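The chain contents come next:
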Amino acid sequence: MSDGTNSERQAAGPGHGPALGHTIDRARLVILWERIWPRLVLFLGIFGGVLAVSWLGFWQVVPYWARFGGVVFVLGLLVLAAWPLLTIRRPTDQDALRRVDRATGGGHRPASALADELATRDDPFARALWEEHRARVLAATGRLKTGIPMPRMANLDRYAIRSLALLLIVPAYFLAGDERMARLMTAFDWRAPPAPITYRVDAWVTPPTYTGRPPLILPTRRSTEPAAPREAVPDIFKVPAGSIVTLRVTGLANVDIHADGGVAPAPAPDGKGAVPTPPAGLAETRWLIAKDGQLTLRGTGAEPLDWRFEALIDQAPTIAFERDPQSDQRNQLLLSYKLEDDYGVTEAEARFQLAPSATALQRPGARPLAELPPIPLALPQARTRHGSGQTTRDFVGHPFAGLQVAVTLHAKDDAGNEGRSDTVVTALPQRTFAKPVPRALVEQRRILALDANARPRVARALEALTTAPDVFGMETSVYLGLRTAYFRLARASSDAQLTEVMDYLWDIAVRIEDGDVSEAERAVQAAAERLRQAIERGASDEEIRRLSQDLRQAMDRLMRELTEQALRNRQDGQNQQQAQRDPNTRTVRPQDLRDMLNRIENLARNGARDQAQRLMQELQQMLQGLQAGRQQQQQQGDGTEQGENALDQLSDMIRRQQQLRDQTFRRGQEQRRAQRGQQQQRPNQRGQQGQPGQDGQPQPGQGDQQGDGTPGFSELGENQRQLRELLDQLRDQLGQQGDQGDSPGGREAEQGLGNAGRAMREAEGALGRGDGQGATDAQGRALRSLQQGAQGLAQQMQEGQGQQGQGNQQGQPGNRSGQAGSQDYDPLGRPTRGREANENSNVRIPNAGEGAAQRAQRVLEELRRRLSDPDRPQLEMDYIERLLRGLQIQ
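Predicted model, so just to flag it, every value in this text is computed and none were measured.

To continue, consider the overall build of the protein. Tallying secondary structure elements over the protein gives 28 helices and 15 strands in all. Evaluated residue by residue, the protein yields a buried proportion of 40% over its 890 residues. Put simply, of all contacts in the protein between residues at least 6 apart along the chain, 73% involve residues at least 24 apart. Of the roughly 49100 Å² that the protein leaves accessible, carbon and sulfur atoms contribute 51%.

Now the structure itself:
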């Protein structure tokens, strides 16, 4: 065989040579890989180990003078590992044929046989035999195999040390992070490091105090050696506008601090100017962040320190009306609003000005004497970020009370930002005076307040009022007061004196309307307002103690005068019934007010200002409720007393109707018992008993004489007639007084009393016929109708009194205390629960409300109906009779 590969491949024939050639090429590649891989693994293992050690920071801990030797050593190892790769011999075709013969198997070396040549070409028989042999071998060339590479690494590296490089390089890659290249290039840094410098850099951001945010510590450098390089792009810190950056550098000279954008030197803490950059050494500077900006520190011997800031601008607060201003139950202006701010609202106020409808009352060139001062609004918290609040203010005594005003709410935060609401037009609450003279004085006072030039007009009105004091029924003190006001007005030479006259006119009007108590009430309100303002502004403990004592004395004086007035009213018979029966009134004792004031004083002195303010508002509401309750008591009059007398009469009728019904029931029960006895003795003569008819009822008046004293049907009928006549008289009386009208309570009372009268007529007729069962049913309907009428009459009284129970909830001296409300009393004013119910109620249904009483009444009626049925078993009749007798005894 020849060693020439080309001639051998050509001898394989034109149809089969390319297939064998491809097989030989694959075999040569397999052999080449088996020779390269063992040498390449050694090189890769050494190179990977060097990378892993470098990424783990080996060159950073090695001294600079040893790094050069280490690099030379590593390069030498790499060259030695690469040298066997350069000496690899390329495989020949014979090597490839032998590889194919071994991989294919089967004997006869099929690949080598195809590459062989015939030794003699002259013998035809030998040539034919050779061609046949080649044909058979060529037929098998499609099954030639080269096998997979087998470098036999297990024999060369029995303990798999080559895997250590892979185990080191993977974690080192992730641990190094973005510093992989820097750590690797440190091996080629053979310069001596500079002398070590001990320095420290501290930086932090202090947000404004009102934001409530904690200080922000900025990333800095603290080292005795040069710091490692860091990224050039700094972080962006979002801080509130107005924050202060404090930068403290220790141990560095020639420090350069550069500020860009909205970062500038901050003013000194004492406000005397900007803080200059201090000299070398211990340096501390303060920088104000007004807008977005950047602060850079250079001179640390390493890369500059950069901080970028994004200033969060403090937004203006928002405030809006939750509902339109209105008057509350105490005739005060009630403002309901909602507030919102990013860091909290610190103060809010309502500003007023006269509406166009009110300014139209002024003449051209008018000179007002009064103004509408802004009122501070109460905040839900000291710094309200989001919440709702309410503020009440008494404008009854203001000269512009009753006029239309435009109200705008304003809110501020600590940064000085101000927000405002939409303007709403409303009418200031005013007091209604029942007497003509106070009404005239208040009107003239308003005219003078709108225009000081109207002084002659007001003076003429005052003179007209005092011209005929007998016409207005003036007392001597009132007359003298009006004359004094006239002369003071006529001699006033300044606006201040005219303002004093306005105040004097109001004092006279209130004194005429209310008497002496109003002065004590004003003193209490003024003292309470002074204490509230002191608590809001954080006054000293001594001032709060003094103002609390003033309020305590004013309240004692007011309670004494109210008590004296209540005693005088009782002696005159005024509102006596109301004072005894009003279940909706809450009693406020002087001790309760003193205890609340002591709590307010202690909370304010201990620093709990918010709780003290809330409790102070409750105290003011209670004091204002005293005034509202007293005024409502004065407006009660004789109508309330007459209505309560009617309720008393109706209550007595209900009691008498209940007794009459019980007597009728017992009389009918005795009648039925006698009938059953006669039926048992003479069963054959049932049709002869009771001649009036087949139902066995006796004639009218029969059986009137009873051994137990129970009246007969004739006497019961007469009692029912008398009770009906009393009801008719009561209805006529209520009609003449006008107590029954178009109100829901009046219609219910009229309907109930009318039904009761008709039911009483039916009962009277049934008693006249001796029909006990019919009389009992009619009397039950009459009893329910009377209760309905009483309930309607009580409801009508509440409607006529203007919901007096709501006005008195805040407290009224001299009335019943400890009541839970009207639900604990029946329509007649009688308690339905507790000890008073057991003492005052004639209906023995313990601890029952209105619904339970109705259900119990229905049960009693059902029991009585079954007892009147003669067809029921005797055993059941006896049981029902014992049950009713037991209920009657209870």
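On we go.
A few words now on the side chain of Arg183. Following the sequence through the fold, Arg183 ends up in helix α10 (residues 180–185). The residues contacting Arg183, other than those within four sequence positions of it, are Ser54, Trp55, Leu56, Gly57, Trp59, Gln60, Leu175 and Ala176.

For side chains of opposite charge, pairing can occur when their charged atoms come near one another. According to the stated counting rule, one finds 19 salt bridges in the structure shown. The partner of Glu601 in a salt bridge is Arg552, with the nearest N and O atoms 3.3 Å apart. Of the two residues, Glu601 is situated in helix α19 (residues 590–605) and Arg552 in helix α17 (residues 541–571); the sequence distance between them amounts to 49 residues. Residues Glu762 and Arg781 are paired through a salt bridge, measuring 2.4 Å at the closest nitrogen-oxygen approach. Within this pair, whereas Glu762 is found in helix α23 (residues 744–769), its partner Arg781 is found in helix α24 (residues 772–800), the two being separated by 19 residues in sequence.

This part covers the environment of Ala612. Tracing the chain through its elements places Ala612 in helix α20 (residues 609–634). Given a relative accessible area of 0%, Ala612 falls into the buried group. Taking the C-alpha atoms as reference points, Ala612 and Ile600, separated by twelve residues in sequence, lie 5.0 Å from one another. In contact with Ala612, other than residues within four places in its own chain, are Ile535, Ile600, Leu603 and Ala604.

Here the focus is the packing of helix α12 (residues 436–450) against helix α13 (residues 455–465). Running from N to C, α12 and α13 cross one another at 165 degrees; their axes reach a closest spacing of 9 Å. Here α12 is positioned roughly antiparallel relative to α13, judged by the angle of their axes. Crossing of α12 over α13 shows left-handed handedness. Between α12 and α13, the contacting residues are Ala440, Leu441, Gln444, Ile447 and Leu448 on the first element and Arg455, Arg457, Val458, Ala461, Leu462 and Leu465 on the second. A breakdown of the residues in the contact of α12 with α13 according to their chemical character gives eight nonpolar, one polar and two charged.

Below, the discussion takes up the packing of aromatic side chains. All chains considered together, the criterion is met by ten aromatic pairs. Ring geometry for Phe43 against Phe47: centres 6.5 Å apart, planes inclined by 10 degrees, an arrangement best described as stacked. Note that Phe43 and Phe47 are positioned in helix α2 (residues 17–55) at a spacing of four residues, about one turn of the helix. On the numbers, 5.3 Å between centres and 70 degrees between planes, the contact of Tyr486 with Phe487 is edge-to-face. Overall, the relative accessible area of 36% leaves Phe487 in the partly exposed class. These aromatic residues form a ring-pair network of at least three members: Trp55, Tyr173 and Phe174. Cation over ring: Arg180 sits above Tyr173, and NZ or CZ is 3.7 Å from the ring centre. Over the aromatic face of Phe713 sits the side chain of Arg667, whose NZ or CZ is 5.1 Å from the ring centroid.

With respect to the helices, strands and loops of the structure, Arg605 is situated in helix α19. A relative accessible area of 36% places Arg605 in the partly exposed class. The spatial distance from the C-alpha of Arg605 to the C-alpha of Arg545 is 8.7 Å, given a sequence separation of 60 residues. Among residues more than four places away in sequence, those in contact with Arg605 are Asp541 and Arg545.

Between α13 and helix α14 (residues 476–491), the shortest axis-to-axis distance is 9 Å and the interhelical angle comes to 155 degrees. In terms of their interaxial angle, α13 and α14 are classed as roughly antiparallel. You can see that α13 and α14 cross each other, and the crossing is left-handed. Every residue of α14 that contacts α13 at Arg455, Val458, Ala459, Leu462, Glu463 and Leu465 is listed here: Leu482, Arg483, Ala485, Tyr486, Leu489 and Ala490. Class assignment for the residues of the contact of α13 with α14 results in nine nonpolar, no polar and three charged.

With 14 residues, helix α9 (residues 163–176) ought to run about 20 Å at 1.5 Å a step, and its terminal C-alpha atoms sit 20 Å apart, in line with that. Of the residues making up α9, those classed as buried are Ala165, Ala172 and Ala176. For α9, the angular spread of the buried residues around the axis is 50 degrees, confining them to a single face. α9 presents Leu166, Leu167 and Phe174 as exposed residues on the side facing more than 90 degrees away from its buried surface. One or two steps after α9, the chain reaches Gly177, where phi turns positive at roughly 65 degrees.

Turning next to the nonpolar core. Counting residues in each nonpolar core, the largest one holds 59 residues, and the members touching the most others are Leu335, Phe352, Phe400, Leu409 and Leu441. Sorting the residues of this core by element identifies β9 (318–327), β10 (333–354), β13 (404–413), α12, α13, α14 and α15 (495–514) as the ones contributing at least two each. Setting aside residues no more than four positions away along its own chain, Phe352 makes contact with Leu333, Leu335, Leu372, Pro373, Ile375, Phe395, Val405, Ala406 and Val407. Ala528, Leu597, Leu603 and Met616 belong to the second-largest nonpolar core, a separate cluster that totals 28 residues.

This part covers α19. The terminal C-alpha atoms of α19, which comprises 16 residues, lie 23 Å apart, in line with the 22 Å expected from a rise of 1.5 Å per residue. All of the buried residues along α19 are Leu593, Met596, Leu597, Ile600, Glu601, Leu603 and Ala604. With its buried residues spanning 165 degrees around the axis, α19 presents them on a single face. Positive phi appears at Gly607, one or two residues downstream of α19, with a value of about 95 degrees.

Attention now goes to the side chain of Asp306. Positionally, Asp306 belongs in strand β8 (residues 305–312). Among the residues examined, Asp306 registers a relative accessible area of 16% and is labelled buried. Side-chain polar atoms of Asp306 contact the side chain of Thr296, separated by 3.0 Å.

This part covers the environment of Ile544. Looking at the secondary structure, you find Ile544 in helix α17. On the basis of relative accessible area, Ile544 is assigned to the buried category, the value being 1%. Linking Ile544 and Ala604, residues 60 residues apart in sequence, is a C-alpha distance of 7.7 Å. Among residues more than four places away in sequence, those in contact with Ile544 are Leu531, Ala539, Glu601, Ala604 and Arg609.

It is worth spelling out the confidence of the model for the protein at this point. Per-residue confidence for the protein gives a mean pLDDT of 75, with 73% of residues at or over 70. This stretch, residues 686–708, has a pLDDT under 50; its non-local contacts, to residues over four places away or in other chains, come to 34 contacts.

Turning next to a nonpolar patch on the surface. Where nonpolar side chains cluster on the molecular surface, the patch consists of Phe68, Val72, Met181, Met185, Phe188 and Trp190 and spans about 630 Å² of accessible area. Those elements that place two or more of their residues in the nonpolar patch are α4 (64–86) and α10. By the element assignment, Val72 lies in helix α4. Accessibility expressed as a relative area gives 46% for Val72, which makes it partly exposed.

Basis of the calculations
- Residues numbered from 1 in each chain as written.
- Predicted model: local features only at pLDDT ≥ 70, side-chain atom pairs only at ≥ 80, totals over all residues.
- Heavy atoms only, no water.
- Helix = DSSP H or I, 4+ residues; strand = E, 2+ residues; numbered from the N terminus.
- Buried < 20%, exposed > 50% of the residue type's maximum accessible area, 1.4 Å probe, protein only.
- Contact = heavy atoms within 4.5 Å.
- Areas by Shrake-Rupley, 256 points an atom, 1.4 Å probe, with all protein chains shown as cover.
- Salt bridge = Lys/Arg side-chain N within 4 Å of Asp/Glu carboxyl O.
- Axes fitted to C-alpha atoms, helices over the stretch in contact; angles between N-to-C directions.
- Parallel < 35°, antiparallel > 145°, perpendicular 65-115°, else oblique.
- Left-handed = near helix turned anticlockwise from the far one by under 90°.
- Nonpolar A, V, L, I, M, F, W, Y, C, P; charged D, E, K, R; others polar.
- Phe/Tyr/Trp six-rings, centres within 6.5 Å; stacked < 30°, edge-to-face > 60°.
- Lys NZ or Arg CZ within 6 Å of the ring centre and 35° of its normal.
- Expected span 1.5 Å × (residues − 1).
- Arc of directions from axis to C-beta.
- Core = buried A, V, L, I, M, F, W, Y, C linked by side-chain atoms within 4.5 Å.
- Polar contact = N/O pair within 3.5 Å; in protein donor to acceptor, adjacent residues only side chain to side chain.
- pLDDT = per-residue confidence, 0-100.
- Patch = residues over 30% accessible without salt bridge, like charges linked within 9 Å, V, L, I, M, F, W, Y side chains within 5 Å.

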